[in-house]
Amino acid sequence: MDKPCVRLRPGGWVALLAMLFVLTPASAFPLPDNVDLLRRKAVEQVEQEQWGAAFDLYVRIPRAERTAEDREGCQTCLRHLLQARRLRDKPAQVLLSRLPPAQAVAIYRDVLDTLQTRYVDRDKVAPVRLFLDGVRELRAALNERVFVDDHLADVRPEALRSFKARLDALHDGRVVAGSLKDARDQFQAVLQAAQALRLKPGVVLLEFVCGACHGLDEYTLYLGPRQLGEAEAERDGRAITVGLEVAALDQRLVVTRVYRNSPAEEAGLRPGDVIWSIDGQPVDTSMPGAAAVRLLGEEGTLVDVEVPRMTPDGMLLMPARALRLERRLIAVPSVDPGEELRDGLREHTGVGLIRIASFQRTTAHELKEAIFDLRARLGDAGLRALVLDLRGNPGGSFAAGLQVAELFLQEGVITYTQGRSGKEAHRANNPGAFTMPLVLLIDGETASAAEVVAGAMKERGRALLVGQATFGKSTLQDVFPLDRLKAGLQITIARFCPAARAAFDGRGVTPDRPVERSPMSAADAQRDAALQVAEQVLKMVSR
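Residues numbered from 1 in each chain as written. Predicted model: local features only at pLDDT ≥ 70, side-chain atom pairs only at ≥ 80, totals over all residues. Heavy atoms only, no water.

1. Description of the overall build of the protein
Check the secondary structure of the protein and you find 18 helices and 20 strands. Within the span of the protein, comprising 543 residues, buried residues form 54% of the whole. For the protein, contacts bridging at least 24 residues in sequence account for 70% of all contacts bridging at least 6. Just so you have it, the protein exposes about 24000 Å², and 50% of that area is on carbon and sulfur atoms. (Helix = DSSP H or I, 4+ residues; strand = E, 2+ residues; numbered from the N terminus. Buried < 20%, exposed > 50% of the residue type's maximum accessible area, 1.4 Å probe, protein only. Contact = heavy atoms within 4.5 Å. Areas by Shrake-Rupley, 256 points an atom, 1.4 Å probe, with all protein chains shown as cover.)

2. Topic: the pattern of salt bridges
In the structure shown here, the tally under the stated rule is 23 salt bridges. Residues R79 and E137 are paired through a salt bridge, measuring 2.5 Å at the closest nitrogen-oxygen approach. Placement of R79 in helix α4 (residues 68-87) and of E137 in helix α7 (residues 127-141) is noted, with a sequence separation of 58 residues between them. Accessibility classification places R79 together with E137 in one group, the buried group. In this structure, the salt-bridge partner of R321 is D273, at a minimum N-O distance of 3.2 Å. Here the residue R321 occupies a position in strand β9 (residues 316-326), and D273 occupies one in the loop between α13 (263-266) and β6 (277-278), the gap between them amounting to 48 residues. Taken together, the salt bridges that share partners define one network made up of E245, R257, D336 and R355. (Salt bridge = Lys/Arg side-chain N within 4 Å of Asp/Glu carboxyl O.)

3. What about the side chain of S358?
Relative to the helices and strands, S358 resides in the loop between β12 (351-355) and α15 (363-378). Judged by its relative accessible area of 17%, S358 is buried. Discounting chain neighbours no more than four positions away, the residues touching S358 are S334, T363, N393 and G395.

4. Structural notes on the environment of N430
For N430, the position within the fold is in the loop between β15 (422-429) and β16 (438-442). With 21 residues separating them in the primary sequence, N430 and L409 have C-alpha atoms 6.7 Å apart. Look past the residues within four positions of N430 in its chain and what remains in contact with it is E406, L407, L409 and Q410. In terms of polar contacts, N430 uses its side chain to reach the backbone carbonyl oxygen of E406, at 3.0 Å. (Polar contact = N/O pair within 3.5 Å; in protein donor to acceptor, adjacent residues only side chain to side chain.)

5. Some remarks on the packing of aromatic side chains
Under the defined criterion, the tally for this structure stands at 7 aromatic pairs. Relative to F208, the ring of Y108 has its centre 5.8 Å away and its plane inclined at 90 degrees; by these criteria the two rings are edge-to-face. Residue Y108 is found in helix α6 (residues 101-118), and its partner F208 is found in helix α11 (residues 201-214); the two are separated by 100 residues along the sequence. For the pair Y108 and F208, one class covers both residues: buried. Members of the aromatic cluster, each reached through a chain of ring pairs, are Y108, F131, F187 and F208. Positioned above the aromatic ring of Y219, the side-chain terminus of K473 is 4.7 Å from the ring centre. (Phe/Tyr/Trp six-rings, centres within 6.5 Å; stacked < 30°, edge-to-face > 60°. Lys NZ or Arg CZ within 6 Å of the ring centre and 35° of its normal.)

6. So, the packing of helix α3 (residues 51-60) against α4
It is the contact of α3 with α4, at a shortest axis distance of 9 Å, that shows an interaxial angle of 140 degrees. When the axis of α3 is compared with that of α4, the two are oblique. The handedness of the crossing between α3 and α4 is left-handed. Of the residues in α4, those touching α3 at W51, G52, A54, F55, Y58 and V59 are D70, G73, C74, T76, C77, L78, H80 and L81. Classifying every residue of the contact of α3 with α4 by side-chain character gives 9 nonpolar, 4 polar and 1 charged. (Axes fitted to C-alpha atoms, helices over the stretch in contact; angles between N-to-C directions. Parallel < 35°, antiparallel > 145°, perpendicular 65-115°, else oblique. Left-handed = near helix turned anticlockwise from the far one by under 90°. Nonpolar A, V, L, I, M, F, W, Y, C, P; charged D, E, K, R; others polar.)

7. Comments concerning the sheet that holds β12
If you trace the 6 strands from one edge of the open sheet to the other, you get β11-β12-β13-β16-β17-β20, paired in mixed fashion. The two strands at the open ends of the sheet, each matched to only one other strand, are β11 (339-341) and β20 (513-514). Here β12 pairs with strand β13 (residues 385-389) via 5 bridges, running parallel. Residue pairing in the sheet places R355 in a bridge with D389 of β13. Running over the sheet, α15 touches β11, β12 and β13 and is turned about 150 degrees from β12. Where helix α17 (residues 449-459) meets the sheet, its contacts fall on β16 and β17 (464-467), and the angle it forms with β16 comes to roughly 140 degrees. (Pairing = 2+ DSSP bridges.)

8. So, the side chain of D443
If you trace the backbone, D443 turns up in the loop between β16 and α17. Judged by its relative accessible area of 4%, D443 falls in the buried class. There is a polar contact of 3.1 Å between the side chain of D443 and the backbone nitrogen of G392.

9. A few points about the nonpolar core
Grouped together as the largest cluster of nonpolar side chains are 55 residues, with contacts concentrated most on F131 and F163. For this core, the secondary structure elements donating two or more residues are α6, α7, α8 (145-151), α9 (157-171), α10 (180-195), α11, β18 (475-482) and β19 (487-497). A per-element tally of this core places α11 first, with 9 residues. Residues A370, A449, A454 and A494 belong to the second largest nonpolar core, which totals 42 residues. (Core = buried A, V, L, I, M, F, W, Y, C linked by side-chain atoms within 4.5 Å.)

10. Points about the packing of α6 against α11
Packed helices, taken two at a time, are described by the angle their axes make and the gap between the axes. It is at 9 Å that the axes of α6 and α11 come closest, and there the two elements cross at 10 degrees. One finds that α6 runs roughly parallel with respect to α11. Taken together, the residues of α11 that come into contact with α6 (itself represented by P101, A104, I107, Y108, V111 and L115) are P201, L205, F208, V209 and A212. Its residues placed into classes, the contact of α6 with α11 shows 11 nonpolar, no polar and no charged.

11. Let's talk about helix α2 (residues 35-47)
An ideal rise of 1.5 Å per residue puts 18 Å on 13 residues; α2 measures up with 19 Å between its terminal C-alpha atoms. Along α2, the residues that are buried comprise V35, L38, R39, A42 and Q45. Looking straight down α2, one finds its buried side chains confined to an arc of 125 degrees; they lie on one side. At its buried positions, α2 is contacted by α3 and α4. Following α2 by one or two positions, E49 has its phi on the positive side, about 60 degrees. (Expected span 1.5 Å × (residues − 1). Arc of directions from axis to C-beta.)

Okay, here's the thing in structure tokens:
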């Protein structure tokens, strides 16, 4: 099993799971040789209520080998981590504390109605189940010191015990919620009991809404006002960021990508730079990913980073560079500029390399521009073959994935989706599709929309896949605003699968040429084994 390269991208909420993983020091738990040991260590951490460490261990279990108990344990850890995160979001808590009871009831009914009509699995959104998941979430919050200190500091212990007992009785089955009206009435009764403790209706509502979402799957989420704005901006290719991506590599925080026209580029940062400190705090070599989260923040705020200077032969120069970067809303490119691969023997190979970092509304256009630019730069040599690098691509816009696949497929089914309204085929219709030989680089972090592209290219025989099996996420999410609350829900609305076989959830798309994952250091990231195999294949077919 390969230890994943932990990356942090800006853009926030849709990358939440990756951020939660980053917050856990991977080096604290050396990767065991077998799944059973991983599982035992995860259970031990759950028993000690070390939710972040347990989550880290659960996500290291290959998805194809996770049992029902593993999935439940991972989901439990995630619920605790998300709960702790929203309890720290003080502005959102203040906003919710002002919500009148009648409006809280109306919003709760809107949430249940949206989940019932939009979520992919009808049998998982029965009102009684959604209500009881909310009861469980509120009950868990009552055991959190932060929640009690913020909302119940002056409540008598016996009154709090009585309220907990009432919730326990509801959860043990003394409830009837066969319809949306039943669930709404039961929620209203809980609100009334909570008001006796001076627990604000909006605070109760948040726990019930989050509980209903978290009980469905790890991708169905409540989005607060700020997270909703971030999700909408990210779909358009915008984010509040200093303009760089970083990875925890070899216990160092390494810059892996710098965005064009960003504060990081203006300050002279380049891929391969190592960040020593953030806002005066040294990067802990045992927890570089946790330090990376300090790069995130509100628009207009500043962050200070310290970067060592190196000579061409790798010697350290002092003093290190001290840079001050402003976080601002910028366009985040999803496609890197293309480059020609050289083999050292020929002036030109005609083999191009383009990396697609994620999928957003602009991706297909960016990719076409990158290909045209490569063609123009190569001139008479021409672009004879192409490597598309999808490694580390977490997905994003499903529509953008279809558009990218169609750039290389003239006709035929790209993928199917299975939603509430039945099965739908998504087909290519592009007589002018690119026809050059194609290789796709994939790995265990290639997910979602990126897997749609990889699966379609493999099944249609359009490209050779090189690397490791992809992540195995075959669900599609959409965002639905909650107008009364200026917030939203991210809901799983469908499953997709390649044309010729069943959904690849948990298994991923397998490569045609398996290649062991190589160390991803800054020096050899562009010359690893998978890329070398891709080069050799394309040089043969492009001669």
